[in-house]
Amino acid sequence: MAHKNSPDGPGQSQRQLRVGEMLRRRLSEVLQRGEIHDPELNRMVITVGEVRVSPDLRIATCYVVPLGGQGQDEMFELLHRNRGELRRAVANGQKLKFAPELKFRLDETFDRLDDTRRMFADEKVRRDIES
């Protein structure tokens, strides 16, 4: 059994992780298939990196990034404008008591990966690693 006490605070339960992944897949599918009736949103290619849900499963924080990282403001405006329809589309067919409220945040995972690659490419760091 996993311990919930970590240095970063309590982690998500297995149920939260399972529901978050289910919602991430469904949101990605909805955006990819263009199931939302907004041609501007359907033209954007959006990557859904992760979805974290609250302990009561009523709030889902979706970490998203537009393809190439360009047009973040426009992406957030379109997602915010269509969040009700997205909420219905994502919850449709899912076995959840409530359709979670969707909140959108910028997924900075790719930026952190680039920073890490740059750090490892630094000559001083490479010397330390090889020592």
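Each value, and the rule that gives it
- Residues numbered from 1 in each chain as written.
- Predicted model: local features only at pLDDT ≥ 70, side-chain atom pairs only at ≥ 80, totals over all residues.
- Heavy atoms only, no water.
- Helix = DSSP H or I, 4+ residues; strand = E, 2+ residues; numbered from the N terminus.
- Buried < 20%, exposed > 50% of the residue type's maximum accessible area, 1.4 Å probe, protein only.
- Contact = heavy atoms within 4.5 Å.
- Areas by Shrake-Rupley, 256 points an atom, 1.4 Å probe, with all protein chains shown as cover.
- Phe/Tyr/Trp six-rings, centres within 6.5 Å; stacked < 30°, edge-to-face > 60°.
- Lys NZ or Arg CZ within 6 Å of the ring centre and 35° of its normal.
- Salt bridge = Lys/Arg side-chain N within 4 Å of Asp/Glu carboxyl O.
- Pairing = 2+ DSSP bridges.

Trainee: Teacher, can you tell me more about the overall build of the protein here?
Mentor: Broken down by element type, the protein carries 6 helices and 3 strands. Each helix (α) and strand (β) of the protein, taken in turn from the N terminus, gives the series α-α-β-β-α-α-β-α-α. Taken over 131 residues, the protein has a buried fraction of 30%. The contacts in the protein between residues at least 6 apart in sequence include a share of 61% that link residues at least 24 apart. For the protein, the computed accessible surface area is about 9400 Å², with 49% contributed by carbon and sulfur atoms.

Trainee: Sorry if this is basic, but what is going on with unusual backbone geometry here?
Mentor: Negative phi is the rule for most residues except glycine; trans is the rule for most peptide bonds. You will see that L57, though not glycine, has its phi angle at about 65°, which is positive. Within the fold, L57 resides in the loop between β1 (46–53) and β2 (59–66).

Trainee: Whenever I open this one, the packing of aromatic side chains confuses me. Can you help?
Mentor: Geometry of an aromatic ring pair is reported as the spacing of the ring centres plus the angle between the planes. Considering all chains together, one arrives at 0 aromatic pairs under this definition. The ring centre of F98 lies 3.6 Å from the NZ or CZ of R58, which sits over that ring.

Trainee: Would you mind going over the pattern of salt bridges with me for this structure?
Mentor: Where charged atoms of side chains with opposite charge meet at close range, the side chains can pair. Applying the stated criterion to the full structure yields 10 salt bridges. Here E35 ties to R33 by a salt bridge, and the two come within 3.9 Å at their closest N and O atoms. Linking R81 and E40 is a salt bridge whose minimum nitrogen-to-oxygen distance equals 3.7 Å. Placement of the pair is R81 in helix α3 (residues 72–81) and E40 in helix α2 (residues 39–43), with a sequence separation of 41 residues. A residue is classified by how much of its surface remains accessible, and E40, at 36% relative accessible area, is partly exposed. What you see here is one network of salt bridges that share partners, running through R26, E29, R33 and E35.

Trainee: Before we go on, may I ask you to explain the pairing of β2 in this structure?
Mentor: Taken residue by residue, a regular strand's side chains alternate between the two faces of the sheet. Within β2, 7 of the 8 residues are buried, leaving the element largely enclosed by the surrounding structure. Where β1 lies against β2, 7 bridges are found, and the strand directions are antiparallel. Considered in β2, the bridge of V53 is made with A60. As consecutive antiparallel partners, β1 and β2 are separated by 5 residues, and within that stretch L57 has a phi angle of approximately 65°, a positive value. Strand direction decides the pairing type here: β2 and strand β3 (residues 101–106), joined by 6 bridges, are parallel. What sits directly across from T61, in β3, is K103.

Trainee: Looking at this structure, I do not really get the environment of A99. What am I missing?
Mentor: Mapped onto the fold, A99 is located in the loop between α4 (83–91) and β3. The exposure class of A99 is partly exposed, given its relative accessible area of 30%. Excluding residues that lie within four positions of it along the chain, A99 makes contacts with R87 and A91.

Such coordinate-based values are descriptive only and should not be taken to indicate function.
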